[in-house]
Amino acid sequence: QVQLVESGGGLAQPGGSLRLSCAASGFTFSSYAMSWARQAPGKGLEWVSGIYSDGSNTYYADSVKGRFTISRDNAKNTLYLQMNSLKAEDTALYYCVKDKRGIVTREYDYWGQGTQVTVSS
C-alpha cells in the first residue's frame with residue numbers, strides 16, 4: 001500500500017533552517033508529481049510547493065518563494081523540502097502529498113501523517 005512518511009520537523013529559531021524529508025513506498029515514485037502542503041493552527045490547508053515526477057519543474061506558493069526549495073531523489077524514493085529564513089508564520093504541520101499525475105495538478109490521492117515545524121525564539 002502507499003506510504004508517505006515525513007521526517008525532519010522540529011523547533012527552529014526565526015531565520016533558521018530545517019530540511020524535511022518524505023520517504024515514499026508502495027507506488028512508482030518516479031512516475032508521480034509530489035507536493036508539500038501545510039496546516040497552521042486554526043487555519044486551513046495551504047499548498048506550499050510541488051515538483052514534477054522527473055524534477056524538471058518546481059512551483060512555490062508566494063509565501064515561501066525564495067526561502068524554500070523542493071527537490072526529490074527518485075533513486076531513493078524520497079522527497080525533500082529545504083526551508084531557510086524561517087518565520088514564525090511558517091509554523092505548521094507539514095504534509096507530503098502524492099499527485100495523481102506526473103505533473104503538478106494539485107489533485108492528490110495520498111497524504112502522509114505530517115511532521116510538525118515550529119518556528120519560535
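Everything discussed here concerns the structure shown above.
Looking now at the pattern of salt bridges. In the structure shown here, the tally under the stated rule is five salt bridges. Close ionic contact of Lys65 with Asp62 constitutes a salt bridge, the shortest N to O distance being 3.2 Å. Between Arg67 and Asp90 there is a salt bridge whose closest N-O contact spans 2.7 Å. Taken together, the residues Arg67 in the loop between β6 (58-60) and β7 (68-73) and Asp90 in the loop between β8 (78-83) and β9 (92-99) connect sequence positions 23 residues apart.

Strand order in the open sheet formed by four strands is β1-β3-β8-β7, with antiparallel pairing between adjacent strands. With one partner strand each, in any of the chains shown, β1 (3-7) and β7 form the two edges of the open sheet. Direction aside, the axes of adjacent strands within the sheet are offset by 15° on average. The pairing of β7 with β8 spans six bridges and is classified as antiparallel. Among the inter-strand pairings, Arg72 is bridged to a residue of β8, identified as Leu79.

This next bit is on the side chain of Arg72. In this structure, Arg72 sits in strand β7. At a separation of 3.0 Å, a polar atom in the side chain of Arg72 contacts the main-chain carbonyl oxygen of Tyr52. If near-sequence neighbours (up to four positions away) are discounted, Arg72 is found in contact with Phe29, Ser30, Tyr32, Ala33, Met34, Ile51, Tyr52, Ser53, Gly55, Thr78, Leu79 and Tyr80.

In total, this model carries one disulfide according to the counting rule given. What pairs with Cys22 in a disulfide is Cys96, and their sulfur atoms sit 2.1 Å apart. Where Cys22 bonds to Cys96 through sulfur, the torsion about that S-S bond is close to -70°, and the disulfide is left-handed. With Cys22 in strand β3 (residues 18-25) and Cys96 in strand β9, this residue pair connects regions lying 74 residues apart in the sequence. As far as burial versus exposure is concerned, Cys22 and Cys96 are alike and both buried.

What follows concerns the environment of Lys65. With respect to the helices, strands and loops of the structure, Lys65 is situated in the loop between β6 and β7. Of the polar contacts made by the side chain of Lys65, one reaches the side chain of Asp62; its length is 3.2 Å.

Bringing the environment of Ser31 into the picture now. Checked against the element boundaries, Ser31 lands in the loop between β3 and β4 (34-39). Here the alpha-carbon distance between Ser31 and Met83, two residues 52 residues apart in the chain, equals 25 Å. Beyond its immediate stretch of four places on either side in the chain, Ser31 contacts Ser53, Arg101 and Gly102.

Counting residues in each nonpolar core, the largest one holds 28 residues, and the members touching the most others are Met34, Trp36, Phe68, Leu79, Leu81, Met83 and Tyr94. Broken down by secondary-structure element, the contributors of at least two residues to this core are β3, β4, β5 (45-51), β7, β8, β9 and β11 (115-119). No other element matches the four residues that β3 contributes to this core. If sequence neighbours within four positions are ignored, Met83 has contacts with Gly16, Ser17, Leu18, Leu20, Arg67, Phe68, Tyr94 and Val117.

What counts and how
- Residues numbered from 1 in each chain as written.
- Predicted model: local features only at pLDDT ≥ 70, side-chain atom pairs only at ≥ 80, totals over all residues.
- Heavy atoms only, no water.
- Salt bridge = Lys/Arg side-chain N within 4 Å of Asp/Glu carboxyl O.
- Helix = DSSP H or I, 4+ residues; strand = E, 2+ residues; numbered from the N terminus.
- Pairing = 2+ DSSP bridges.
- Axes fitted to C-alpha atoms, helices over the stretch in contact; angles between N-to-C directions.
- Polar contact = N/O pair within 3.5 Å; in protein donor to acceptor, adjacent residues only side chain to side chain.
- Contact = heavy atoms within 4.5 Å.
- Disulfide = S-S within 2.5 Å.
- Buried < 20%, exposed > 50% of the residue type's maximum accessible area, 1.4 Å probe, protein only.
- Core = buried A, V, L, I, M, F, W, Y, C linked by side-chain atoms within 4.5 Å.

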